[in-house]
Every structure is written in structure tokens, then in C-alpha cells.
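The residues making up each chain are set out below.
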Amino acid sequence: PRPGSVTLGDKVLFTLAAVASECPTLEQLRTFFASALKVDRDNIEGVFCEVSNDDVALPEDVARHPTAKNLRIGADIIGDTSEVDALLLRTARLSDIVTPVGSRFATAVRGVLDFLGPVKQVHKPVHMPDQVIGVHKACRGDSARPLGNHSMGTNCPDSMAEQSTCAAQCKSGTSANGTFLCLANKVRLTSVCPGLDSVTLGDKVLLTLAAVASECPSLGQLHTIIASALKVDRDVVDGVFCEVGEDVPLSANDARLVGYPRAKALRIGADLTGEAAEVPDLLLRSAQLSDTTTAVGNRFVTAVHGVLDYMAAVEQVHKPVHMPDQVIDFHKACRGETARPLGNTSMGTNCPATMAERSTCAAQCNSGAIANGTFVCLASKVRLTSVCPEQDSITLGDKVLVTLKVVASKCPSLGQLRTMLASALEVGKDIVDVVFCEVGEDVPLSADDARLAGHPTAKALTIGADLSGDAAGVQALLPRAAQISDTMAPVGQRFAIAGRSVLDYVGPVEQVHKPVHMPDQAIDFHKACRGDSAKPLGNDSAGTNCPVTMKERSTCAAACNSGAPANGTFLCLASRVRLQSVCPRPGSVTLGDKVLFTLAAVASECPTLEQLRTFFASALKVDRDNIEGVFCEVSNDDVALPEDVARHPTAKNLRIGADIIGDTSEVDALLLRTARLSDIVTPVGSRFATAVRGVLDFLGPVKQVHKPVH
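Now for a description of the structure that goes with this document. Numbers given for residues are sequential positions, taken from 1 along each chain in its written order. Per-residue local features are limited, in this predicted model, to residues with pLDDT of at least 70; the limit for side-chain atom pairs, both in listing and counting, is 80 or more; totals at the level of whole chains, interfaces and linings are taken over all residues. Only hydrogens and water are removed before side-chain values are computed, so all heavy atoms of the structure are retained for them.

1. With respect to the overall build of the chain
Inclusion rule: Secondary structure elements are defined from DSSP: runs of H or I of at least 4 residues count as helices, runs of E of at least 2 residues count as strands, and each element is numbered from the N terminus. Burial classes: relative accessible area under 20% of the type maximum marks a residue as buried, over 50% as exposed, and values in between as partly exposed (1.4 Å probe, protein chains only). Only heavy atoms enter the contact rule, under which two residues are in contact if any of them lie within 4.5 Å. Where accessible areas are quoted, they stem from the Shrake-Rupley method and a 1.4 Å probe; at the residue level, only the protein chains shown are allowed to cover. Charged residues are defined here as Lys and Arg on the positive side and Asp and Glu on the negative side; His and the ends of the chain fall outside this count. Note on charges: their place is set at NZ of Lys, CZ of Arg, CG of Asp or CD of Glu.
When helices and strands are counted, the chain shows 14 helices and 40 strands. Seen through its C-alpha atoms, the chain measures out along the principal axes to roughly 120 × 65 × 45 Å. Counting across all 710 residues of the chain, residues that qualify as buried make up 46%. Looking at the chain alone, contacts between residues at least 24 apart form 64% of all its contacts between residues at least 6 apart. Summed over its atoms, the accessible surface of the chain is roughly 34,300 Å², and 51% of this surface lies on carbon and sulfur atoms. One way to put it: in the chain the 68 positive side-chain charges average out to a point 2 Å from where the 80 negative ones average out.

Structure follows, in C-alpha cells:
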């Protein structure tokens, strides 16, 4: 006895002598005994099979081989004291083929081996009480780290006995939510003090497996493997880990198959989240992961072999453990003051100072009207926006919100991230809105990953986006967004490939929460245009018929002295009056088609209008004479840049655009090409970015403010 944990119980030991073509594997033998004796596989320990040097000659009509082997096989069966008499009786019948036990044993063996001959008991089965049935080193209590900021440490002892629990100690004196658990020499689960942060409690099933394999699969792969084997959603599988132990020599046959003499002893595990009603089924299925004769175990081994060169024995380190009332979701409260309404017609928001997870709030309107759209606290971040309905233009629609945890070498640029998500989801880039990437702590990489990445650590990133769509489109977006973290799904594969094309290293990707559907949200907002900024050409007008404030996409025209209708219209587009109107006169007015576009860009400064005209002409492959109404406006808010991105610490938010003149036959091509100005992976977008970067110190993300307008 020592500070570690020792579990005692009863054991029944048996030894059989058999003549057979060869030794089955120990895992096969464990399965034969479990099937014949009708006991759990994890109650069978100390399985062995030894081959004597003397071969046994066989008659020609008995087997496909002239000789067989003398085998000595056996095991230790764990049972409660009340079960011992039944176990002694059943193990004594393993050698008697006329009993159900012996028949099941012989049938199971013959299903795997070419030949099984006589089976004899070497001794009567032996009962040994008070034997060691489990040994685990103590856990280190100082490895238990509470979540949140409302605790003053834990009540965990320095060394924790197997299956002992402890919890966070709360500053307020209240009881903590959830517990830490010492399980198989590892502190599992977590504990948090209730406060303004959001805590969701539920049931968990904890499993730990010992395996021999060529290497650890990635955590993303392991996540998918376990979910696939158990036939549960990936978000049911949490706390996945894989730890590498000592080298394990391989048999000559296995070494020849895989091409190396040794494999690794692995310890792998996970926490499964479920409702109380689902726990019995989860316990049963997770107990079958190590049994390849079951559908669960077969799927597990098949999935592992799909990603690793070699995997042999898999054992349960302990029976799956049910832990009720555990923390299954935790998010710090959001700061309500970070919710900023759009427009100038609100008097702030009704958001509280601290917002609980999934809570919503909105703008408070000067007019007393109800705001359009809501703010939502999601994964500790205020998302979406809210705006008061006045003269400004608001488009409402549905949004799907995604948040991912990613281990990667660095944040991709926001433009790259938008392209990665659009490519993975197979949607237009205009569907992917408000992308973000936040950098957390350094994450040490394995030796292999460090060699691939070229550095020993990577970054813990939180990335996300809002996806816009109509109600029908959302139903397709939700399942696809849920697959971004699953590298075995086409969506996840495309995301990983796109990430690795721009970053040195992309590791595990996890969903922070299920994708969230938010209907009736502001997906487009433009301030009203000032009608007095519409100035007709020529001297034959008495002003315009434009209202003082013009709504988005509304038009107006010159008011002619002669009473004749004007040629051309003014258009309110993205808060700016565009195009021209003129009264007909003896002079010549030429009419034609125009394509209008507006881009939002982050750049070091505005280029000159002549430079901008040249950039557009080069990118779109049109004459410079056909580009009119070029503009570049700078917002007041600077954008902070990472040190490794540009020579300056900040850049500018720009709004740029132009009107393109074209024949009616050219309009479709112009609409297509101008829509690609913001997409660097297209020739148009690539030419535009290259031209701008040839003049400016820095160009970052470029977005379409609206679809090009004919």
C-alpha cells in the first residue's frame, strides 16, 4: 500500500491445456472466455497463451496442417464474493464440449483458428479472495484548475486517491458546480463557482482505454473515431486525450506488416455528455469499445486503422464511469457595454452590464419604436447587431453563428478566413459575414507536429463567423456548419485543406457550441442618403425631386424648368448618392448602362483617385475611360494590425467604389467581374490586390458592401 489506490476483490483462476493450430491473440482469447462464461470482458484479466516446443502429429483427415501445437492457456476472472460459486462451476466446464459453456468456447475458437483438438483442465479452478484487481497511482491535486474568476483555488488534497473527488472553493462561500475526479492517474472533469458566468450541468460518462498503436491519432481524428464508433454526435464527445507511454516490441509478423519493430503504449480517453435517460446506453456502448466482436468495437478498430499504420490490443483501463451533475458547458459573461447599435437614432441599449450566455438585448430607440435585430451573448462574445428603424435602410434575414476552437500557427487574415469558410461550406463569400479570429495561449506541439510546422508551439485560436441566409438556406447551412470541425466530413476536409494552404500548421478544430440559428436579424444596414447632395447637371433644372433623406436603393431626378422628364436618375446606394440626372436641352445627352459597386477595405491609406481608376481598369480589364464616379472615403476608426503584418501599427477602414459604363450586352460580364474584386483567389481579385499592393504599404481584407448593381 502507498498513496496510490489499490482495489481488492475475489478472483477465480483457471488453466487449460489444448491442442490447436496456433495461439489466438490475447484479445481473441479474452473474447472467447467472455462469450463462453457470459461475463464482461473487463472482468477477465491475466490472459495468457503459451506454446510448448513439441508439435502434435495430426491425422490427414482432421486438419489442413500435418501438425498442431500444445498450448497452455488461462485467465483470472474477477467477481463479487456472491458470484464465485457460479464462476467456479462455469470455468470447470470450459473443457467439456457437451456443456453449453464448453460448446460456446469451442465454437468461438474454431471460428478463428484452423484447428482445435482436445481441451483439458490443468487443475480445478481456484478461488483467491482479497486479491488486487485495480492499482492506480495517486493524482496530483494541484493539476485541478477551476474555471472562471470566482474561486480561491480548490479543496483538492496534494495527492488524490483513485475515484476520489474535490471541487473549486468559491469566494462567495457558495457550493461549486461540478467536481474534479481522479480517474486512472489523471484528474478529469472540472469545477466552477456560480456567478454571472454561464454554467450548464448534465451527466457525463468517462472512459479510458489502453491501446498499442503506431502513434497517437490527432485529437480531431480521435474525436471523430469515438463518435463514429459509438454512433453519437461529435459534440457528445468531450475532453478527448491521447498520452504516449513506453515502446512495445512487435511480433515478427506484425513488424513485417507495418515496417518497424516497435509500437507505442497509448492511454486514450474521453468524456461523453448525455441526459440522464441516455446514460445507461452510453455506459453499455462505451464498454464495448475494446471488444472487436461487437459492432461498437469493430467500428472503433476500423476507424483507427483508417488513420494509423498499426493498432493491436485495446483494453478498458476501468469500467466506464457515470458522473452526474457535471459542468458540460461554461462561458464567461459578456460585457453589455460592448453592444453598439448602428445608426444615430438610438439612446443606447437595454443590455445589462453583464450578459449571461445566449441572452439577448437590443437598441433603445429615441422614437420609442422597437429595434430591428438583437445582440446575443455567445461564447463570451457579444455577437450580431441592433438598429432603430428610421430613415436608414435595414434588411432583415436569418443568420447562423459559428464559433470554433482551433490550434494553429497563427490567425489567418480576415480575408483568408472568409475565403476558407466560404470554400469549406461551398457558399458565396457574401454569405460569410463578420469573421473574427482571437489569439489565446501557446500550445506545445508533439515532436512530429513541431517538425512539420517548423516551430515547437502553436496558438490556441477562437474563430467565428455569422452566415447569412433566408429561412430555407439556413436549414442547409446548419448541418454543414456543424461539420467544419470534422475532418472525416467533406466540409471539414475542405476547411483543413484551405487552412493548410495559408498557414504553417493547423491542428485540432472543435466546435465551441452547436451552430446557432438567429432569425430576424439585421443583415444589411445603410444610413439614409442626404437628398440635397444630388446636384443636377446643366442650368435647365429647378433643383430635384429628391426628399431630404433618401432610403437605400431609392431614386430621384432633376426637376426640369420645362416640365419635361429628366434623363438619368440619382440613386442612394450604400449611404451615398450616386449617378447623375440632367434636363434635356439642345445639347447632346448620351444614355447607357452602368454597373455600380462599393467595396470596404482595410488599407494603409486611400490611393489617389487616378491610381484607383487604374487599379479597377487593370483588374476588370476595361478601358479607363469607362470608369466614372471613382471615390475613396476614410472612416474615423483605425484598425490595429499585428506586428508581423505591416510596417505601421494601424490601418484605415476605407469605402471605395466606381461606376462602370458598358453596353447592355456587356452588363452580365461586368456584374460577374466586379463581384470578384473582393475575392483574391479569382484572377480579378488577384489582379486588384496586386495592383493596390504595388502602391500602398498595406492592403488587408476587401469586402463587397453590396452586390454590384445594374
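2. Focus: unusual backbone geometry
Backbone geometry places leucine 384, a non-glycine residue, at a positive phi of 65°. Along the chain, the position of leucine 384 falls in the loop between β24 (381–383) and β25 (393–408). At arginine 553, a residue that is not glycine, the phi angle is positive and equals roughly 70°. Summarising the element assignment, arginine 553 is placed in the loop between β32 (549–550) and β33 (555–556).

3. Observations regarding helix α1 (residues 26–37)
To keep things clear, this is the line we draw: Under the convention used throughout, the expected extent of a helix is 1.5 Å for every residue step, that is, one less than its residue count.
Taking 1.5 Å of rise per residue, the twelve residues of α1 would be expected to cover 16 Å, and the 16 Å separating its terminal C-alpha atoms lies within 8% of that figure. A large share of α1 lies buried, amounting to nine of its twelve residues. What α1 keeps buried is the set Glu27, Leu29, Arg30, Thr31, Phe32, Phe33, Ala34, Ala36 and Leu37. Downstream of α1 by a residue or two, lysine 38 has a phi angle that is positive, lying close to 55°.

4. Here we look at the pattern of salt bridges
Formally: In what follows, salt bridge is the name for a side-chain nitrogen of Lys or Arg lying within 4 Å of a carboxyl oxygen of Asp or Glu.
Considering all chains together, one arrives at 32 salt bridges under this definition. With its nearest N and O atoms 2.6 Å apart, the salt bridge here joins glutamate 628 to lysine 594. Of this pair, glutamate 628 sits in strand β38 (residues 627–640) while lysine 594 sits in strand β37 (residues 593–603), and the two are 34 residues apart along the sequence. Assessed through its relative accessible area of 32%, glutamate 628 is described here as partly exposed. Several salt bridges converge on common partners, so that one network encompasses Glu27, Arg30, Arg41, Asp291 and Glu315.

5. What about the sheet that holds strand β12 (residues 186–188)?
Applicable threshold: A strand pair is defined by DSSP finding two or more bridges across the two strands.
One open sheet accounts for three strands, arranged β9-β11-β12; its pairing is antiparallel. The sheet is open, and its two borders are formed by β9 (165–166) and β12, each paired with just one other strand. The sheet contact formed by strand β11 (residues 180–183) and β12 spans three bridges and is antiparallel. What sits directly across from cysteine 182, in β12, is valine 187.

6. A look at the sheet that holds β37
Backbone-to-backbone hydrogen bonds pair the strands of a sheet. The strands run either parallel or antiparallel. The criterion, for reference: Comment: axis = line fitted to C-alpha atoms, over the contacting stretch for helices; angle = value between 0 and 180 degrees taken between N-to-C directions.
Spatially, β38-β39-β37-β40 is the arrangement adopted by the four strands of the open sheet, whose pairing is antiparallel. Since the sheet does not close on itself, it has two edges, and those belong to β38 and β40 (699–704), each with one partner. For this sheet, the mean inter-axis angle between neighbouring strands, taken without regard to orientation, is 20°. The pairing of β38 with strand β39 (residues 650–662) spans nine bridges and is antiparallel. In the sheet register, glutamate 628 faces β39, and the bridge partner there is aspartate 659. Docked against the sheet, helix α12 (residues 609–620) engages β37, β38 and β39, running at close to 110° with respect to β38.

7. Thoughts on helix α3 (residues 100–110)
Defined as follows: For this quantity, the arc is that covered by the directions from the helix axis to the C-beta atoms.
Regarding α3, the residues found buried are Val101, Gly102, Phe105, Ala106 and Val109. Buried residues of α3, seen end-on, are gathered within an arc of 125° and therefore sit on one face of the element. Turned more than 90 degrees off the buried face of α3, the exposed positions are Pro100 and Thr107.

8. Considerations on a nonpolar patch on the surface
For the record, the criterion: A residue counts toward a patch only above 30% relative accessible area and without a salt bridge, and it is joined to like-charged neighbours within 9 Å or, for Val, Leu, Ile, Met, Phe, Trp and Tyr, to nonpolar neighbours within 5 Å.
A cluster of nonpolar side chains, contributed by Val6, Leu8, Val132 and Val135, occupies part of the molecular surface with about 330 Å² of accessible area. Owing to a relative accessible area of 42%, valine 132 belongs among the partly exposed residues under this scheme.

9. What about the packing of α12 against helix α14 (residues 683–693)?
The line we're drawing: Orientation labels follow simple angle bins: below 35 degrees gives roughly parallel, above 145 gives roughly antiparallel, 65 to 115 gives roughly perpendicular, and whatever is left gives oblique. Crossing handedness: left-handed means the near helix sits turned counterclockwise from the far one by under a right angle, and right-handed means the same turn made clockwise. By the convention adopted, Pro, Cys, Tyr, Trp, Phe, Met, Ile, Leu, Val and Ala count as nonpolar, Lys, Arg, Asp and Glu as charged, and the other residues, Gly among them, as polar.
Running from N to C, α12 and α14 cross one another at 150°; their axes reach a closest spacing of 8 Å. Between α12 and α14, the angle is such that the two are roughly antiparallel. Where α12 crosses over α14, the two elements pack in a sense that is right-handed. Residues Phe615, Phe616, Ser618, Ala619 and Leu620 of α12 form the contact with α14, whose participating residues are Val684, Arg687, Phe688, Ala691 and Val692. Split into classes, the residues belonging to the contact of α12 with α14 amount to eight nonpolar, one polar and one charged.

10. Here we look at the nonpolar core
Just so we agree on the cut-off: Among buried residues, those of type Ala, Val, Leu, Ile, Met, Phe, Trp, Tyr and Cys that are joined through side-chain atoms within 4.5 Å constitute a nonpolar core.
Ranked by size, the top nonpolar core spans 31 residues in total, and within it Ile226, Val237, Leu272, Leu289 and Phe300 carry the most contacts. Broken down by secondary-structure element, the contributors of at least two residues to this core are β13 (198–213), α4 (219–230), β14 (237–249), β15 (262–274), α6 (279–287), α7 (295–305) and β16 (311–316). Beyond its immediate sequence surroundings of up to four residues, leucine 272 is in contact with Asp203, Lys204, Val205, Leu207, Ile226, Leu230, Val236, Val237, Leu282 and Ser286.

11. Some words on the packing of helix α8 (residues 414–425) against helix α11 (residues 490–502)
Where α8 contacts α11, the two axes come as close as 8 Å, and the packing angle between them is 150°. Compared by their axis directions, α8 and α11 come out roughly antiparallel. Crossing angle aside, the handedness with which α8 passes α11 is right-handed. In this structure, α8 contributes Gln416, Met420, Leu421, Ser423, Ala424 and Leu425 to the contact, and α11 contributes Val491, Arg494, Phe495, Ala498, Gly499 and Val502. Here the contact of α8 with α11 is built from residues that sort into eight nonpolar, three polar and one charged.

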